[in-house]
Amino acid sequence: LQRAYLLALLQPEMKHLSLLNVPFDPEDAFGPACAALSTVPYILVIVSFTKLGHTRSTSWFFFVCTLLANEVINKVVKDAIKQPRPPKSPLKNYGMPSSHSQFMLYFTTAFILHRPISVKTALSEALGHTNTTGSHRALRHMFRLFRAFILCVISLAVVWSRVQIHFHTLEQVIAGSVFGICLGFFLEVDF
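The notes below deal with the structure included here. (Residues numbered from 1 in each chain as written. Predicted model: local features only at pLDDT ≥ 70, side-chain atom pairs only at ≥ 80, totals over all residues. Heavy atoms only, no water.)

Turning to the overall build of the protein, a few remarks are in order. Looking only at helices and strands, the protein features eight helices and zero strands. Ordered by position from N to C terminus, the α and β elements of the protein give α-α-α-α-α-α-α-α. Residues counted as buried form 35% of the 191 residues belonging to the protein. Sequence-distant contacts, at least 24 apart, represent 71% of the contacts inside the protein between residues at least 6 apart. Of the roughly 12,300 Å² of accessible surface on the protein, 68% is carried by carbon and sulfur atoms. (Helix = DSSP H or I, 4+ residues; strand = E, 2+ residues; numbered from the N terminus. Buried < 20%, exposed > 50% of the residue type's maximum accessible area, 1.4 Å probe, protein only. Contact = heavy atoms within 4.5 Å. Areas by Shrake-Rupley, 256 points an atom, 1.4 Å probe, with all protein chains shown as cover.)

This brings us to the packing of helix α5 (residues 99-114) against helix α8 (residues 170-187). The relative placement of two packed helices is expressed as an angle between their axes plus a distance between the axes. At a minimum axis separation of 7 Å, α5 and α8 run at an interaxial angle of 35°. Along this stretch, α5 crosses α8, giving a crossing that reads as right-handed. Packed against α5, whose contacting residues are Ser-101, Gln-102, Leu-105, Tyr-106, Thr-109 and Leu-113, the element α8 presents Val-173, Gly-176, Ser-177, Phe-179, Gly-180, Ile-181, Leu-183, Gly-184, Phe-185 and Leu-187 at the interface. Of the residues that constitute the contact of α5 with α8, the class distribution is nine nonpolar, seven polar and no charged. (Axes fitted to C-alpha atoms, helices over the stretch in contact; angles between N-to-C directions. Left-handed = near helix turned anticlockwise from the far one by under 90°. Nonpolar A, V, L, I, M, F, W, Y, C, P; charged D, E, K, R; others polar.)

Here the focus is the pattern of salt bridges. Overall, the coordinates contain one salt bridge when judged by the stated rule. Note that Asp-79 is salt-bridged to Lys-75, the shortest N-O span being 3.3 Å. With a gap of four residues between them, Asp-79 and Lys-75 both fall in helix α4 (residues 58-81), about one helical turn apart. (Salt bridge = Lys/Arg side-chain N within 4 Å of Asp/Glu carboxyl O.)

Attention shifts here to the environment of Ala-157. Among the structural elements, Ala-157 can be located in helix α7 (residues 135-164). Residue Ala-157 is classed as partly exposed on the basis of its relative accessible area of 22%.

As a further point, take the nonpolar core. Core analysis: the biggest nonpolar cluster contains 21 residues, and Phe-63, Met-104, Tyr-106 and Phe-107 have the highest contact counts within it. Broken down by element, the residue count for this core peaks at seven residues, all from α5. Residues in contact with Met-104, not counting those within four places in the same chain, are Val-40, Pro-41, Leu-44, Ile-154, Ser-155 and Val-158. In terms of nonpolar packing, the next biggest core, distinct from the first, is built from five residues, Val-22, Cys-34, Ile-165 and Phe-167 among them. (Core = buried A, V, L, I, M, F, W, Y, C linked by side-chain atoms within 4.5 Å.)

The next thing to look at is a nonpolar patch on the surface. Side chains of Phe-143, Phe-146, Phe-149, Ile-150, Val-153 and Ile-154 sit close together on the surface and give an oily, nonpolar patch of about 540 Å² of accessible area. Following the sequence through the fold, Ile-154 ends up in helix α7. (Patch = residues over 30% accessible without salt bridge, like charges linked within 9 Å, V, L, I, M, F, W, Y side chains within 5 Å.)

In this section: α5. In this model, α5 (16 residues) spans 22 Å end to end at C-alpha, consistent with the 22 Å of a helix rising 1.5 Å per residue. Burial of α5 is extensive: 14 of the 16 residues sit out of reach of the surface. (Expected span 1.5 Å × (residues − 1).)

Tracing the sequence through the fold places Asn-74 in helix α4. Looking at Asn-74, the relative accessible area reads 3%, which means it is buried. Sequence-distant contacts of Asn-74, that is, excluding residues within four places in its chain, are made with Pro-97, Ser-98, Ser-99 and Gln-102.

In contact at an axis separation of 9 Å, helix α3 (residues 40-55) and α4 are set at 155° when each is read in the N-to-C sense. The angle between α3 and α4 places the two elements in the roughly antiparallel class. Here the hand of the crossing between α3 and α4 comes out left-handed. Here Ser-48, Phe-49, Lys-51, Leu-52 and Thr-55 of α3 come into contact with α4, specifically with Trp-60, Phe-61, Phe-63, Val-64, Leu-67 and Leu-68. Its residues assigned to classes, the contact of α3 with α4 shows eight nonpolar, two polar and one charged. (Parallel < 35°, antiparallel > 145°, perpendicular 65-115°, else oblique.)

Here is the structure:
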């Protein structure tokens, strides 16, 4: 026991990687879910870089570049506005606009604009009301519609989680969301 105590005293204090360390209020029932939702943008970046490495396509290269440009633009805007985060926030950097909200809505907008989905066409083909060559095309349309819906739900959940865990105010996430949608229209590339 004494040896373990002495070794603990002699070892330097361990530090942790704070990139994905998301603090939350343990009293909040939604805290763990909100902390998990905060990692979604990082997961999407990893997936995008993986897709780029797998396909090595120019369009995915440009898409990844626009993801990075989106983050740089957010940092520049945050430094220009210099609005603090809410008083309960454990983070000390600026909060306006929310980078998580901006990223998620940018990603969602770019994804949907890249593959426009007609709800009417998808439902018509699924129900057999068109002269398509088989159900494969209808199924593909329905799957794309479902993916877009899930991405929208996840994006809104990430936006909500940023307010719930007191990292941003409602105004900051709304500004980030609107900014992300606008950048999605402006920077949209064919990936």
